[in-house]
Each structure stands twice: as structure tokens, then as C-alpha cells.
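Coordinate inspection notes
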Amino acid sequence: MSNPRNTKAKQAVLNEIANSSFALSQPELFERVKGTCDRVTVYRVLDRLVTENKIHKIVNIDGTINYAHCASCDESHTHAHDHLHFSCVKCKKIECLEEQLIHVKLPDTYQIKELFLTISGICPSCSLS
Ligand SMILES: [Zn+2]
Ligand SMILES: [Zn+2]
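Because the structure is predicted, anything quoted here is derived from the model rather than measured.

Read across the open sheet, the three strands follow the order S1-S3-S2; overall the sheet is antiparallel. What marks the edges here is a single partner per strand, and that holds for strand S1 (24-25) and strand S2 (56-59). With two bridges connecting them, S1 and strand S3 (residues 65-68) associate as antiparallel partners. Counterpart to Leu24 in the pairing with S3 is Tyr67.

Another aspect to go through is the pairing of strand S5 (residues 94-101). Remark: a regular strand shows side chains that alternate across the two faces of the sheet. Looking at chain direction, strand S4 (residues 83-88) and S5 are connected through five bridges and run antiparallel. Looking at S5, one finds that His85 is bridged to Cys96. Between S4 and S5, which pair antiparallel and follow one another directly, the connecting turn spans five residues, one of which, Lys92, has a positive phi of 65°.

Strand order in this open sheet of three strands is S5-S4-S6, and the pairing throughout is mixed. Edge positions in the sheet fall to S5 and strand S6 (118-121), since each has one partner strand and no second. Averaged over all neighbouring strand pairs, the angle between strand axes comes to 30°, with direction disregarded.

Another aspect to go through is the packing of helix H1 (residues 4-18) against helix H3 (residues 39-51). One can describe the packing of H1 onto H3 by two numbers: an axis separation of 9 Å at closest approach and a directional angle of 70°. Here H1 lies roughly perpendicular to H3, going by the angle between them. Of H3, the residues touching H1 (which contributes Asn6, Ala9, Lys10, Val13 and Leu14) are Thr41, Val42, Val45, Leu46, Arg48 and Leu49.

Let us look at the packing of H1 against helix H2 (residues 26-33). When two helices pack together, their arrangement is given by the angle between the helix axes and by the axis-to-axis distance. Where H1 contacts H2, the two axes come as close as 10 Å, and the packing angle between them is 115°. The chirality of how H1 crosses H2 is right-handed. When H1 is examined against H2, the residues Ala12, Val13 and Glu16 are found in contact with a partner set consisting of Leu29, Arg32 and Val33. When its residues are assigned to classes, the contact of H1 with H2 shows four nonpolar, no polar and two charged.

Cut-offs used in this document
Residues numbered from 1 in each chain as written. Chains lettered and ligands numbered in written order. Predicted model: local features only at pLDDT ≥ 70, side-chain atom pairs only at ≥ 80, totals over all residues. Pairing = 2+ DSSP bridges. Helix = DSSP H or I, 4+ residues; strand = E, 2+ residues; numbered from the N terminus. Axes fitted to C-alpha atoms, helices over the stretch in contact; angles between N-to-C directions. Parallel < 35°, antiparallel > 145°, perpendicular 65-115°, else oblique. Contact = placed C-beta atoms within 7 Å. Left-handed = near helix turned anticlockwise from the far one by under 90°. Nonpolar A, V, L, I, M, F, W, Y, C, P; charged D, E, K, R; others polar.

What follows is the structure in C-alpha cells.
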């Protein structure tokens, strides 16, 4: 992915995710960058950013995949995204709860590759209204 158009697409997608306070799904991301890149490019760029650990995936309660950028995405390439996610049933937004780490102890013979834990409920801004 070295051509300038893809680099621009990658930057555009990363900016949208990094500047959003909640996680974005593929259709939402595509809406935001559609002037810059097509749907296929968006998918490809997302895969690439996940592989490079610049963003991480969140599987929502309904099975849809969302993407978010958290502080640990900037820190290293070896970190695990081992925090909780919160999915609001009212506004449908998904947030990273970066302070809430998940500690899982599996038998030694099991290896964790990916860990998704999403809690559904009502977020602070929805509980006010
Ligand atoms: Zn909400
Ligand atoms: Zn997260």
C-alpha cells in the first residue's frame, strides 16, 4: 500500500477513528470518508490499521464490528487491547473503557489470541436525558 491515494485514504480513516469519542462501524466510516475513498479501500485500510495496531476492533452485542483508537494504540506494537467496552442501548454508541482492564485466567493449555468483552447498558449522556 505505497501509492499516494492509499496513503491518503489510510490517513483519512485513521483521523476519523482517532477523533471520534466512540467506536465507528464500517458503514459509519464509509459515510465519513466517501469523498476520499471507496468502500473496498475503506475495508482494506481498516484491516491494515488493525494489523499495524493503530486501531482495534470491537465486536458489538449484535455482532457488528466497530473500530476504535485508544491511548494504548499509540504506545507499542505488542500491547493487548484488554479493556472493557460499553455499548449503549439508547444511543447505540460504543466506547472504550480504557481504565477497566479485563483479567482472564485460562488453563495453561489455552492461548488467548483475541479478547472481546462488551457490556451493554445506558451511557452517562443517555442517563442524564
Ligand atoms: Zn447513550
Ligand atoms: Zn477499546
